[in-house]
Amino acid sequence: MKNREARMTKNKKTTKKSKKQSKSLLFPAVMILLAVAAVVLFIFMGGKSKDTPTNAEIKGTPYLVSTKQYSSAPPMTIDTGKKYTATVTMEKGGSFVIELYADKAPITVNSFVFLAREGYFDGVTFHRVLDGFMAQGGDPTGTGGGTPGYQFEYEDSGLSFDKAGVVAMANSGERTATNGSQFFITFDATPHLDGGYTIFGQVISGMEVVNGLTRRNPLDNPDYEGDAIATITISEE
């Protein structure tokens, strides 16, 4: 009996020792697994820099590189077989509607639609409004020198500045690849502009709101800002 009790005591001690050894081996293994899991979680959830483009961005979709500045012109997303209109709502009240000529100036309309849907024009003013000539807007700097971070080519839509309400792109030189975000709306026929600026739309309602825009010539160094756009809403059908 004494030998049996001695063996049992020895076995208990051996079992306790084995358990202690198992625990001492198990603890480091668990810690290693937790560390690996943390690294994997960081890679997939927190490892991306905010400044690093996503896969979609690398494939060509523009992304913001700074305030109202995009990495590139947008890829073609409009359907030239559809009808597009832009409703421009002003911060001081009133709105007007522009019919966009997607079939005649697809690159220009595509860019305009992209920027409008991005909210690019929200809060942007008509910084240059000359009586009897035109109202120019679309520059977030309000200076006449701003761009959306990209430029694109002139498009000959085959249309003329033969009436009030013609909507066209402002550029840095006639027929140059310097179209960006700035556009203008004529107050009257301006045939001397024919062939130099991409016409991409026509005001079809609310021309009285356009005519009521505050006159402002930046060359006169006015101490007030132009009338601001609240938002531009794009419709397609």
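Relevant structure appears above.
Parameters at a glance
- Residues numbered from 1 in each chain as written.
- Predicted model: local features only at pLDDT ≥ 70, side-chain atom pairs only at ≥ 80, totals over all residues.
- Heavy atoms only, no water.
- Salt bridge = Lys/Arg side-chain N within 4 Å of Asp/Glu carboxyl O.
- Helix = DSSP H or I, 4+ residues; strand = E, 2+ residues; numbered from the N terminus.
- Pairing = 2+ DSSP bridges.
- Axes fitted to C-alpha atoms, helices over the stretch in contact; angles between N-to-C directions.
- Contact = heavy atoms within 4.5 Å.

(A) Expanded view of the pattern of salt bridges. On inspection of all chains with the given rule, the structure shows six salt bridges. With its nearest N and O atoms 2.7 Å apart, the salt bridge here joins Lys-92 to Asp-227. Residue Lys-92 is located in the loop between strand 3 (84-90) and strand 4 (95-100), and its partner Asp-227 is located in the loop between helix 4 (207-211) and strand 10 (229-236); the two are separated by 135 residues in the primary sequence. Between Asp-131 and Arg-215 there is a salt bridge, and its shortest N-O distance comes to 3.1 Å.

(B) How the structure looks around the sheet that holds strand 3. One open sheet holds the eight strands; their spatial order is 5-6-8-7-9-4-3-10, and the pairing between them is antiparallel. Strands with a single pairing partner mark the edges of an open sheet, and in this sheet they are strand 5 (128-130) and strand 10. Put simply, the sheet's adjacent strands are angled 20° from each other on average, direction ignored. Bridge count for strand 6 (residues 134-137) against strand 8 (residues 183-186) is four bridges, and the pairing is antiparallel. Pairing of Ala-135 across the sheet is with Ile-185, part of strand 8. Sitting on the sheet, helix 3 (residues 106-117) touches strand 3, strand 4, strand 7 (166-169), strand 8, strand 9 (199-205) and strand 10, and the angle it makes with strand 10 is about 125°.

(C) Here's a closer look at unusual backbone geometry. Phi at Arg-175 is positive, roughly 60°, even though this residue is not glycine. Mapped onto the fold, Arg-175 is located in the loop between strand 7 and strand 8. Residues other than glycine seldom take positive phi values, yet Asn-221 does so here, at roughly 55°. Mapped onto the secondary structure, Asn-221 falls in the loop between helix 4 and strand 10.

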